[in-house]
Amino acid sequence: MAEGTENDNSHAEDRIISINIDEEMRSAYIDYSMSVIVSRALPDVRDGLKPVHRRVLYGMLDLGLTNGKPYKKSARIVGEVMGKYHPHGDKSVYDTMVRMAQEWSLRYLLVEGQGNYGSVDGDEPAAMRYTEARLQKLAEEMLADINKDTIDYQLNFDDSLQEPTVLPSKFPNLLVNGASGIAVGMATNMAPHNLSEVIDATIALIDNRQIEVAELMKYVKGPDFPTGGIIYGYDGPREALETGRGRVVIRARAEIETYNGERERIIVSEIPYQVNKALMIERTAELVNEKKLEGISAIRDESSREGIRVVYEIKRDANAAIVLNNLFKYTALQTSFSVNNIALVNGRPMLLNLKDLIHHFVEHRHEVVVRRTKFELNEAEKRAHILEGLLIALDHLDEVIRLIRASQTPDEAREGLMTTFGLTDIQARAILDMTLRRLTGLERDKIKDEYAALMKLIEHLKNILSDEGLRMQIIKDELLEIKEKYGDERRTEMVHSSAEMQTEDFIEDEDVVITISREGYIKRTPLTEYRRQSRGGKGAIGSNSRDEDFIEHLLIASNHNYMLFFTESGQCFWLRVFEIPEGTRTSKGRAIQNIINIPKEENIKAYIKLISLKDQNYLENNFIIMCTKKGTIKKTSLEAYSRPRSNGINAININEGDSLLEASLTSGSSEIVMALKSGRAIRFNESTVRPMGRTATGVRGITLDDENDEVVGMIAIDDAETTVLVVSEKGYGKRTDIEDYRVTNRGGKGVKTLNITEKTGNLVAIKGVTDKEDLMIINKSGIIIRIAVSELRVMGRATQGVRLITLKNNDEIASVAKIEHDEDEEVKEGDENAEGTDTAAENKGDGDTAENSAEPSTEDTTE
């Protein structure tokens, strides 16, 4: 006995395998988690369904519960689905079917229920033995063509039946109805959207595969919940559609109503998605009793079959608007929906944005169309093959009849037909199965007509298979048909949240003229207040500046732009254009020190208009080039100026005795021209100046001949159309091609740009201009004249130029600015322009034309 026992124990030990429990737990848990992820909790990106939803719909189709057929008991449906495809308990199957029939749960219902299916108050549906159901018409669109080999099947849990791995689905159900589920280590929470909007976006993507999410968001604006409500804020939905994750804030639709003369009450007609109305009211009543919510005297639920109506009675001394805001803050009248678009793509969970979701649906639908077409082509060719045999038999009818009558058995007749007429087995069997009535003339014509129609169909199906554009058109046509049948208006409204409603949202984005005076007074004026005069005109009053003050800077910008201000000591300050005080053309404006923290002793020497401080691509691919009076130049990336500070920042380190003169926004490859008071200029490419940090001093841009000379301006030119305009202090100026200035090394002495004489005075300005622009010329007495650049012809580099403006009483030009040319602002010759015309006539006899003033060009370059 002892020996036998010992042998039994050794055999038992042989059957026991020692394994590492850590590895086994790890392996088993991964298997379990993958099973939950793939087979239970996450929807498929193609049809938007989890396995249980797919099995319920397919099971109902199995039972023939299409929309036109009578309802069947829910218990029958649950038994069918559970017994054939989903052996996980009747509650999970019934709950799934119920949710697909609840109008407050699904945006577009897939199941049509009859009986008690619960309520928005959280009431449970009746037991499955009492309720009935059938498919909605929209669900039939998801199952359409399922029997045409459009999808793959897999074995069910006991390998006795086949079940679909995905439904053909004619519309993007995942986007339309959303989904939610908790897997292992991940979860999904996808919002429903409007069917019409989603279909429009899908068609847009089919038409343009390179379309960006921002373009698609013109069609799909945000979620559209079955319970309506109001989405509060655009940023959350936008982030969700762009990235796949975001937080959408939903508010109830509430109105303040006055009754009995002066009493107020709040009427709620729509509540946020997935909010239990009864619990919400109960919790609100508790807050009122606990004195955490003030101003409510009574709460009533007056909801009926017509819709939701919750009434909050407001106390006489309370403000209804404040009470409503507190309800939003403390109760479920405002909730958030955290979007997390995780779905299965080829069996793997992925985070998807709007474009990804639509793209995967289109790919799926394209495969369905291809497989359906192949199936239909195969069936058509099979039928055509049989009809060809029948037509052969009808053409040799007497011979066929004789052969059949002479045959002893059907097999002998079949073989005889195949041998005599060269028919296939299928054709021979079809002839033998043919009834006598098919031999009548009418039936023979029907066969011929059917064969002709089949040949056309076969040709059409082959065209579809060979032409992707045709297949995409079929998908679009089917989508438009779905939209026409089932599309509806949005239920959920979208509004801006208070956080998003910034000051700029209330200010019209129009063009304005910004003027800055010598003593630092700034204003913005609508561009329409200025008119243009002919060259040589006396001008119009631009500002009632005091005698010792005059306009030094003039700029055209839009209200929503940013402004950078650079002081002579190299400091930089930020300001939004709409924050600049508005003034009339003749008003003085406000001191800049009262608007931004500029030291009183500082003067603004340069300004730059920026479109945005948030666009990273814009910030990284643009630069600011600065120059000083002593000829130093410095280049810094715009990104260094993207974080505004109220006290400003250091933009450039200025040496003693020098000061900042000009700053320009460049693309990194501009042609730089710097001009001196003495009438000389230098041209070099911006690429020769390397980018530096904000605190650097810079490098030499141009060499000054003597200590009395100084830089008067710098321009950055990016295109061939731009010409160089120079203006002298006595009102003379001219345009010259950039190519007249040869490229030299940075730091040279430059070449002559204007023939300086006593009559012209020193150089005061240099600008890059085109024919599409106008000039604003401002003199020290505040007079402004506007002339078209196109009136100034291009002339040689070393000429004296022509008179641009007539100056009186030793007046001098203070500054020159360029603005967009506007044909609508042309001023007809008349009283307003009389002075300008006279002056132009004087100029003709003044000997100051380009022809008279031209002197031999001397290349006095000393580099």
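Within an unreviewed UniProt entry, the label attached to the chain reads DNA gyrase subunit A, and the organism entered is Mucilaginibacter gossypiicola. Its UniProt record gives the chain the following Sequence similarities (unreviewed entry) comment, quoted word for word: "Belongs to the type II topoisomerase GyrA/ParC subunit family." Quoted verbatim from the Subcellular location (unreviewed entry) field of UniProt, the annotation for the chain is "Cytoplasm".

**Observations regarding the overall build of the chain**
Looking only at helices and strands, the chain has 21 helices and 41 strands in total. When burial is assessed residue by residue, the chain has 50% of its 863 residues classed as buried. Within the chain, contacts between residues separated by at least 24 positions form 72% of all contacts whose residues are at least 6 apart in sequence.

**Focus: the sheet that holds strand E30 (residues 671-676)**
Across the sheet, four strands lie side by side as E33-E30-E31-E36; this open sheet has antiparallel pairing. Each of the sheet's edge strands pairs with one partner strand only, and the pair in question is strand E33 (711-717) and strand E36 (751-752). Inspection of the sheet shows E30 paired to strand E31 (residues 680-685) by five bridges, in the antiparallel sense. Note on E31: the bridge partner recorded for Ala675 is Ala681.

**Focus on the packing of aromatic side chains**
Within the structure shown, the criterion is met by seven aromatic pairs. An aromatic cluster is built from Tyr58, Tyr85 and Tyr153, whose rings are joined through pairwise contacts. In this arrangement the basic side chain of Arg265 is found over the ring face of Tyr259, its NZ or CZ atom lying 4.3 Å from the centre.

**Structural notes on the UniProt feature "active site" (unreviewed entry) in the chain**
Residues annotated in UniProt with the feature "active site" (unreviewed entry) correspond here to Tyr130. Within the fold, Tyr130 resides in the loop between strand E2 (111-114) and strand E3 (132-135).

**Here we look at the side chain of Asn156**
In this fold, Asn156 is placed in the loop between strand E4 (153-155) and strand E5 (162-164). Within the structure, Asn156 has its side chain in polar contact with the side chain of Asp158 (distance 3.0 Å). Every residue in contact with Asn156, bar those within four places of it in the chain, is listed here: Lys84, Tyr85, Leu161 and Glu163.

**Overview of the pattern of salt bridges**
Taken as a whole, this structure holds 51 salt bridges when the rule is applied. Glu376 is the partner of Lys148 in a salt bridge, and the nearest nitrogen-oxygen pair spans 2.9 Å. Of this pair, Lys148 sits in the loop between helix H6 (137-143) and E4 while Glu376 sits in helix H13 (residues 354-395); the two residues are 228 residues apart in sequence, bridging distant segments of the chain. A relative accessible area of 27% means that Lys148 is categorised as partly exposed. When the shortest N-O distance is used, the salt bridge between Glu443 and Lys446 registers 3.6 Å. Residue Glu443 and its partner Lys446 are both found in helix H17 (residues 441-466); the two are separated by three residues, about one turn of the helix. Glu443 sits in the buried class, given a relative accessible area of 14%. With relative accessibility at 49%, the residue Lys446 sits in the partly exposed group.

**Let's talk about the confidence of the model for the chain**
Mean pLDDT over the chain stands at 85; residues scoring 70 or higher make up 89%. Mean pLDDT per element in the chain: helix H20 (residues 834-844) is the minimum at 35, and E3 is the maximum at 97. Ignoring residues within four places in sequence, the model shows residues 825-863, a span with pLDDT below 50, making 70 contacts including any to other chains.

**Describing a negative patch on the surface**
A cluster of like negative charges, contributed by Glu508, Asp509, Glu510 and Asp511, occupies part of the molecular surface. Turning to its location among the elements, Asp511 is positioned in strand E18 (residues 511-517). For Asp511, a relative accessible area of 44% puts it in the partly exposed group.

**With respect to the pairing of E18**
Counting buried positions along E18 yields six of seven residues, so the element is predominantly enclosed. Sheet analysis places E18 next to strand E19 (residues 521-526), joined by five bridges and oriented antiparallel. Residue pairing across strands places Val513 opposite Thr525, the latter belonging to E19.

**Description of the packing of helix H8 (residues 195-207) against H13**
To describe two helices that pack against each other, one gives the angle between their axes and the distance between the axes. Contact geometry of H8 with H13 gives a least axis separation of 10 Å together with a crossing angle of 75°. Here H13 runs roughly perpendicular to H8, going by the angle between their axes. In this structure, H8 contributes Ala201, Thr202, Leu205 and Ile206 to the contact, and H13 contributes Lys355, Ile358, His359, Phe361 and Val362. The residue inventory of the contact of H8 with H13, partitioned by class, reads six nonpolar, two polar and one charged.

**So, the pairing of strand E13 (residues 310-314)**
Most of E13 is tucked away, with five of its five residues classed as buried. Of the two faces of E13, the one lined by Val310, Tyr312 and Ile314 and the one lined by Val311 and Glu313 are each fully buried. Pairing of strand E11 (residues 263-270) with E13 involves four bridges; the strand directions are antiparallel. Residue Val268 lies in a different strand from E13, and its bridge partner there is Val310. As judged from the five bridges shared by strand E12 (residues 296-301) and E13, these two strands associate in the antiparallel manner.

Calculation criteria
Residues numbered from 1 in each chain as written. Predicted model: local features only at pLDDT ≥ 70, side-chain atom pairs only at ≥ 80, totals over all residues. Heavy atoms only, no water. UniProt positions renumbered as here; feature names shortened; annotations may be inferred. Helix = DSSP H or I, 4+ residues; strand = E, 2+ residues; numbered from the N terminus. Buried < 20%, exposed > 50% of the residue type's maximum accessible area, 1.4 Å probe, protein only. Contact = heavy atoms within 4.5 Å. Pairing = 2+ DSSP bridges. Phe/Tyr/Trp six-rings, centres within 6.5 Å; stacked < 30°, edge-to-face > 60°. Lys NZ or Arg CZ within 6 Å of the ring centre and 35° of its normal. Polar contact = N/O pair within 3.5 Å; in protein donor to acceptor, adjacent residues only side chain to side chain. Salt bridge = Lys/Arg side-chain N within 4 Å of Asp/Glu carboxyl O. pLDDT = per-residue confidence, 0-100. Patch = residues over 30% accessible without salt bridge, like charges linked within 9 Å, V, L, I, M, F, W, Y side chains within 5 Å. Areas by Shrake-Rupley, 256 points an atom, 1.4 Å probe, with all protein chains shown as cover. Lys, Arg positive; Asp, Glu negative; His and termini not counted. Charge placed at Lys NZ, Arg CZ, Asp CG, Glu CD. Axes fitted to C-alpha atoms, helices over the stretch in contact; angles between N-to-C directions. Parallel < 35°, antiparallel > 145°, perpendicular 65-115°, else oblique. Nonpolar A, V, L, I, M, F, W, Y, C, P; charged D, E, K, R; others polar.

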